[in-house]
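Structural description and commentary
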Amino acid sequence: IQDVVVSQPSDPLEYMINFLHRQNDDVPQIVVIGPPASGKASIARLICKDSGIRQINNKDLLAVELEQTKQVRDCLDNNTDIPGDILGAVVKNRISKKDCVDNGWILVGYPKTRDQALALQRHGIFAKHIVFMEAPDIVLIERFMGKRIDPKTGDIYHVTFEPPELPEITRRLETIADQTEKYIRKNLIHYHRNIEGIKAAVKKGSTKTINADQPKTDVYTQAYHFLCQQSRSVAPQCPRVILQGPRGSGKATQAALLAAKYGLVNVSMVDLIKQAIADNSKVGNMMSTYIDKKMMVPDNIVLKCLTERLSNLDCAAKGWVLRGYPKSRNQAEALTEAGYAPNRVYFLDCPSDTIVERLSLRRTDPVTGIASHLIYNPPPSLEMKRRLRTNPKDAESAVDEDIVSYESALEEIVDYYSNAQTINADQDPHTVFESLESLLVKPLPKQSLRAAL
């Protein structure tokens, strides 16, 4: 829908059909801007060679079959700026071709003015990454004066920094038209006059300035690293966290700490089911029918109970931390299909003997309701100790069954949440929380440039 609003195609239905037929809708869309002789074209060629992106330069713009193409040619011949709306129409037509749609594109050397930058935006062209290349004027002048062009292919070389590999290419190299110091200085003045306006026009995008006065491999490495980063959305990012782990691994403790510090909504699947049954809600009554007969509640009913909670305004606004769900790959897939895919999943890893020790030694005072642990939190008095009771589900045999049940489904859930991270839960709760917190505040996993293709 966002693409339809931005692109405003003449036939929205056909546009959406073609969009859904794409193998990948997250293709690279890059702009490289810099002064003359800063190495824009060289870096763009390396990026295209390494990732298969389509490079768009003056030659591509002149090949577009539009009535505005003649005006583009006239501007290039006269060394004048292409009017913004004309440039926008030509570029939009070019990037709508199949090669750019499927593989992505990199626009080299444009926009050259603030008017062009704003016009590209009016035509719905918003690059995901914008690279600015900078170098001292004296370096750029030296580079420009050493440039040579291959008249057969149009490729640009440099007699010192980037000579051709083949001798036959070297023999046919020619100097570039207007290759004078006066010409390069005039173009540098034009660049410096317009660059701040361009930066102001694109300041909300994902941009990076790279020092071009260094070896080409270093420039390329910095550019490629930046392009591999996922562009940051301006939309608010609400944490949607799932804590996975066997019973006794500390999910409830960690969820409570996360909720307290970051204001997340603490969602327990077990508590939701109990609350729904206690409220005699429609979903609760459906679940109680199965529970009374000691039968497994169907996944679709459990999911309905959960999504009703996650769809509330507090979860949407603050984010949530979920525990006790999913317990199988099918449940994980259903949660994603329902539109509540987590953006962070953590597995609390804890040895079986530690879990047995934590659970089997738990006790409850039937008079006061105070929970105790015979090792970590013993009862305050001998009288309370005498009346302590063990919950049947905390019996060692029951705990062993829970561990086996969890581990039987663990592999398929780990396989589904491929970006999940594992935390050692066999340590002090606050140490576990520090590890969890350090991962939570990091940016979401990045996608490589090749993976985007």
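Reading the values: rules and limits
- Residues numbered from 1 in each chain as written.
- Predicted model: local features only at pLDDT ≥ 70, side-chain atom pairs only at ≥ 80, totals over all residues.
- Heavy atoms only, no water.
- Axes fitted to C-alpha atoms, helices over the stretch in contact; angles between N-to-C directions.
- Helix = DSSP H or I, 4+ residues; strand = E, 2+ residues; numbered from the N terminus.
- Parallel < 35°, antiparallel > 145°, perpendicular 65-115°, else oblique.
- Left-handed = near helix turned anticlockwise from the far one by under 90°.
- Contact = heavy atoms within 4.5 Å.
- Nonpolar A, V, L, I, M, F, W, Y, C, P; charged D, E, K, R; others polar.
- Buried < 20%, exposed > 50% of the residue type's maximum accessible area, 1.4 Å probe, protein only.
- Pairing = 2+ DSSP bridges.
- Disulfide = S-S within 2.5 Å.

Turning our attention to the packing of helix α16 (residues 299–310) against helix α18 (residues 329–337). At a closest axis distance of 11 Å, the pairing of α16 and α18 adopts a crossing angle of 40°. Classified by the angle their axes make, α16 and α18 are oblique. Two packed elements cross with a definite hand, and for α16 against α18 that hand is right-handed. On α18, the residues touching Asp299, Leu303, Leu306 and Leu310 of α16 are Asn330, Gln331, Ala334 and Leu335. Split into classes, the residues belonging to the contact of α16 with α18 amount to five nonpolar, two polar and one charged.

Our focus in this paragraph is the pairing of strand β1 (residues 29–33). The element β1 is extensively covered by neighbouring structure, given that four of its five residues are classed as buried. In terms of strand pairing, β1 meets strand β4 (residues 129–134) through four bridges, oriented parallel. Bridge pairing in β4 links Val31 to Ile130.

A few words on the side chain of His373. For His373, the position within the fold is in strand β13 (residues 371–373). Excluding its chain neighbours within four sequence positions, the residues that come into contact with His373 are Glu357, Arg358, Leu361, Arg362 and Pro378.

Turning our eyes to something else, we now look at the state of the cysteines. Tallied over the entire structure, the rule returns zero disulfides. Free of any disulfide, Cys238 has its nearest neighbouring cysteine sulfur in Cys315, separated by 9.9 Å.

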